[in-house]
2 protein chains.
Amino acid sequence: MKKLILPKGFSAAGIAAGIKPKKKKDMALIVSDAPSVTAGVFTTNQIKAAPVKWDIQVVEHNRSRAIVMNSGVANACTGTQGETDTQAMAALTASPLGVEAADVFVCSTGTIGKFLPMDKIFNGIEKLYKHLSPDNGLDAAEAMMTTDLVPKSLTVEIEIGGKPVRLTGLAKGSGMIEPNMATMLAFILTDAKVEKHALQCALRAATDTSFNRISVDGDQSTNDSVIALANGMAGNDVLTQDSADWGLFFQTLEKMLFELAMMIVRDGEGATKLVTVRVIGAGSNGEANEAARAVANSMLNKTAWAGKRPNWGRIMDAIGYSHAQVQENRVDITYDEVPLVRGGMAYPGASIDDAIAVVAKDAFTIHINLNLGGGEAVVYTCDCTEEYVRINVE
Amino acid sequence: MKKLILPKGFSAAGIAAGIKPKKKKDMALIVSDAPSVTAGVFTTNQIKAAPVKWDIQVVEHNRSRAIVMNSGVANACTGTQGETDTQAMAALTASPLGVEAADVFVCSTGTIGKFLPMDKIFNGIEKLYKHLSPDNGLDAAEAMMTTDLVPKSLTVEIEIGGKPVRLTGLAKGSGMIEPNMATMLAFILTDAKVEKHALQCALRAATDTSFNRISVDGDQSTNDSVIALANGMAGNDVLTQDSADWGLFFQTLEKMLFELAMMIVRDGEGATKLVTVRVIGAGSNGEANEAARAVANSMLNKTAWAGKRPNWGRIMDAIGYSHAQVQENRVDITYDEVPLVRGGMAYPGASIDDAIAVVAKDAFTIHINLNLGGGEAVVYTCDCTEEYVRINVE
């Protein structure tokens, strides 16, 4: 049995508390032996679940010892009752550690609009503490799953100032899902000693180039949270943005978030392929982003990819109605290395067979050059099959 | 056999020119015996098909005698060749009438990025003139179809200043479709005598409350066109916005466009139900529109409706990430007459059985009150079934 090696001082558990049916694991606990420097990036949805509002304060408090999470119920759209339940969940988790409720992150994912079954949560927390171990990281990753087909986690070890430092990432998410799933969570644990401001900046920047660049169905959830805990137990000199090893640490973090994000897209509901949409030559980076997202979120493009069809007309249409400025006769489109559009029209030498071969692959890139300026952006998405609809209908 | 009665002085034809496979009708011609006052509303997509650019000039010219259209090839993203082909199509249609090319509207719908097969178009126009008759309106409606399951047309007769006046509408569209369909067309024909400015204002306003309020998949095509021809042969005194009968004329036009729009939504690819999303209490009408469209275009909502599930959490999520300002604890949501959300939370007395019964219907309305201001908007949409994906994948 594979096991997830956690950074020094971290232990984890994942158990079935009876919130989800069929005795599936539905609660996870992560505990750090030492108070951690914390950082967080949260959903921009105006409707934020109660635990998201709570966690924003926990980041400010900045000495977190634990993350407690449940799947099955999102505790979103639950009013003051939802806030009380979140607080109780934090307090009950804090008690055995002898710390404050404000030292505990709370995450929920699942159905919107339902109250947490607090009796099951309470019993679940007790059970979690019994299973807490440095060896149980994979159980925690499994308990985070909703319609995810695979748990998502990885650990990387680097050397900072001569000390071995580990980073572990755990994530869940595969589209917003039945019924009303609410939905992307990622926890980053490290034993590195990191200055708070640097950690927050790094987490924000790494999120922008990873989780914020993926799109399964264009829906942004009420519960999306990326949380980082750095407990400093590796014993390195505190890392700041001026440290010699800062670049290494940041790049490792960024790569970890990117890999977790790719795991999420590849596990997108019903998805069969990873599609990279890269826009260059836009009037600005913002406009490039608008164009890339219009393509990535277009149902017509997503279904075309599922059908292995290099329908560049659907790409032209999507960039045309995007908020990016587009000049038809300047647009070039290339699938991997196969040019299909030059100057807004079919490339005369285009090989449709070559293009079909590209779209038939598990992963390919659509390069769009608007030839108007220096703006660029990339979005990672997946195709949309009948399976996506089946999952979300049933 | 049913037949479509056309307004006085109009005749029509629809034939198979060999552009579409299986000898399906793929070209239509509509001719007016007298020069018509014209109006047009066209796609806002920055990538406009060659015929759209042409028709904008025909509206300015304002003495149109004919509409020629083909399905199968959209003549979009075809550069100067596409413009030349459009002009040739207009000129060849104008010739037998002894008028200028600029008196002829040209519409194309079908694959983006392909050139028109001009030999087939030329032979088709010849054949169309042989079949031209006041009795062949339904053939024209049929030739407009792409993945439409049913042709869409209707005629209404009213009395203006003591004279009988007819309005006929023909439309096509059911989502943007394989491969790269480009795609909503509507022709409004009337024998009323109408002042040009009044006709343009009326067509714009009626389009805003009908075609611009429907959403099948959120994609806006390169070819969307709504064109009106008023040939004045009913012999009424010219209608202006100050005429006594203006209200009757405008309301009839508006109702006709609305009915055509509803026919399009009901014929949406794979759609099984018509869903009306009505938002009130928004900060402005524009914000209400943003909220309604976010709900209507959300794949998660569309698939929930297909699954007959009243998932109000997905509604909360969509309005939360829309560009409308939303305050969670003020939101009320009602399905037809069944209250489900009050103050952003599950309505305690909500009957889930009643709500399921609403969503199981062929048509229902979701009422969303943001309780923030006086802005309101309505959007008509359909559900998304596996059939939608099947159509667009295959």
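Residues numbered from 1 in each chain as written. Chains lettered and ligands numbered in written order. Predicted model: local features only at pLDDT ≥ 70, side-chain atom pairs only at ≥ 80, totals over all residues.

1. Notes on the confidence of the model for chain A
Residues and elements named next belong to chain A.
Step number 1: Residues at a pLDDT of 70 or more form 95% of chain A, whose mean pLDDT is 92.
Step number 2: Per-residue pLDDT stays below 50 along residues 176-181; that stretch engages in 30 contacts with residues further than four places along the chain or on separate chains.
Step number 3: For this predicted complex, the interface score ipTM comes out at 0.81, alongside a pTM of 0.85. (pLDDT = per-residue confidence, 0-100. Contact = placed C-beta atoms within 7 Å.)

2. As for the pairing of strand S9 (residues 225-230) of chain B
All names here are of chain B.
Step number 1: Burial of S9 is extensive: six of the six residues sit out of reach of the surface.
Step number 2: Neither face of S9 is open: one carries Ser 225, Ile 227 and Leu 229, the other Val 226, Ala 228 and Ala 230, and all of them are buried.
Step number 3: The sheet contact formed by strand S2 (residues 27-42) and S9 spans six bridges and is antiparallel. Bridging across to S9, Thr 38 finds its partner in Leu 229.
Step number 4: One ladder, built from six bridges, connects strand S7 (residues 185-190) with S9; its direction is parallel. Along S9, the bridge assignment pairs Ala 186 with Val 226. (Buried ≥ 20, exposed ≤ 12 C-beta atoms within 10 Å, placed from the backbone. Helix = DSSP H or I, 4+ residues; strand = E, 2+ residues; numbered from the N terminus. Pairing = 2+ DSSP bridges.)

3. Topic: the sheet that holds strand S14 (residues 363-369) of chain A
Residues and elements named next belong to chain A.
Step number 1: Strand order in the open sheet formed by seven strands is S8-S15-S10-S14-S11-S12-S13, and the pairing between neighbours is mixed. For this open sheet the edge positions go to strand S8 (214-215) and strand S13 (345-346), each flanked by a neighbour on one side alone.
Step number 2: Its contacts with the sheet place helix H10 (residues 352-359) against strand S11 (332-335), strand S12 (338-342) and S14, and it is angled at close to 115° to S12. (Axes fitted to C-alpha atoms, helices over the stretch in contact; angles between N-to-C directions.)

4. Section: the pairing of strand S12 (residues 338-342) of chain B
Residues and elements named next belong to chain B.
Step number 1: Taken together, the three bridges between strand S11 (residues 332-335) and S12 define a ladder with antiparallel strand orientation. Opposite Thr 334, over in S12, you have Pro 339 as the bridge partner.
Step number 2: Where S12 and strand S13 (residues 345-346) come together, two bridges link them in antiparallel fashion. Bridging across to S13, Arg 342 finds its partner in Met 345.
Step number 3: Between the end of S12 and the start of S13, which pair antiparallel, lie two residues, with Gly 343 showing a positive phi angle near 60°.

5. Focus on the packing of helix H7 (residues 285-297) of chain B against helix H9 (residues 312-321) of chain B
Each packed pair of helices is defined by two parameters, the angle between the axes and the distance between the axes.
Residues and elements named next belong to chain B.
Step number 1: Packing of H7 against H9 brings their axes to within 8 Å, and their N-to-C directions diverge by 130°. When the interaxial angle is binned, H7 and H9 end up oblique. Once H7 is placed against H9, the crossing between them reads as right-handed. The residues of H9 that touch H7, namely those facing Ala 291, Ala 294 and Val 295, are Ile 315, Ala 318, Ile 319 and Tyr 321. (Parallel < 35°, antiparallel > 145°, perpendicular 65-115°, else oblique. Left-handed = near helix turned anticlockwise from the far one by under 90°.)

6. What to know about helix H6 (residues 246-266) of chain A
Step number 1: The end-to-end C-alpha distance of H6(A) is 30 Å, a good match for the 30 Å that 21 residues give at a rise of 1.5 Å each.
Step number 2: Of all the positions in H6(A), only A:Phe249, A:Thr252, A:Leu253, A:Met256, A:Leu257, A:Leu260, A:Ala261, A:Met263, A:Ile264, A:Val265 and A:Arg266 are classed as buried. (Expected span 1.5 Å × (residues − 1).)

7. Quick word on the sheet that holds strand S14 (residues 363-369) of chain B
Residue and element names in this part refer to chain B.
Step number 1: With respect to topology, seven strands assemble into an open sheet ordered S8-S15-S10-S14-S11-S12-S13, the strand pairing being mixed. Every interior strand has two partners, whereas the edge strands, strand S8 (214-215) and S13, have only one.
Step number 2: In this fold helix H6 (residues 246-266) packs onto S8, strand S10 (274-282) and strand S15 (375-382), with an angle of close to 50° to the strand it touches most, S15.
Step number 3: Across the sheet, helix H10 (residues 352-359) lies against S11, S12 and S14, angled at about 115° from S12, the strand it touches most.

8. A few points about the nonpolar core
Step number 1: Counting residues in each nonpolar core, the largest one holds 260 residues, and the members touching the most others are A:Ile30, A:Ala291, B:Ile30 and B:Ala291.
Step number 2: Broken down by element, this core gets its largest block of residues, ten residues, from H6(B).
Step number 3: Once residues within four sequence positions are removed from consideration, A:Ala291 is found in contact with A:Val279, A:Ala282, A:Ile319, A:Ser322, A:Ala324, A:Ile368 and A:Leu370. (Core = buried A, V, L, I, M, F, W, Y, C linked by C-beta atoms within 7 Å.)

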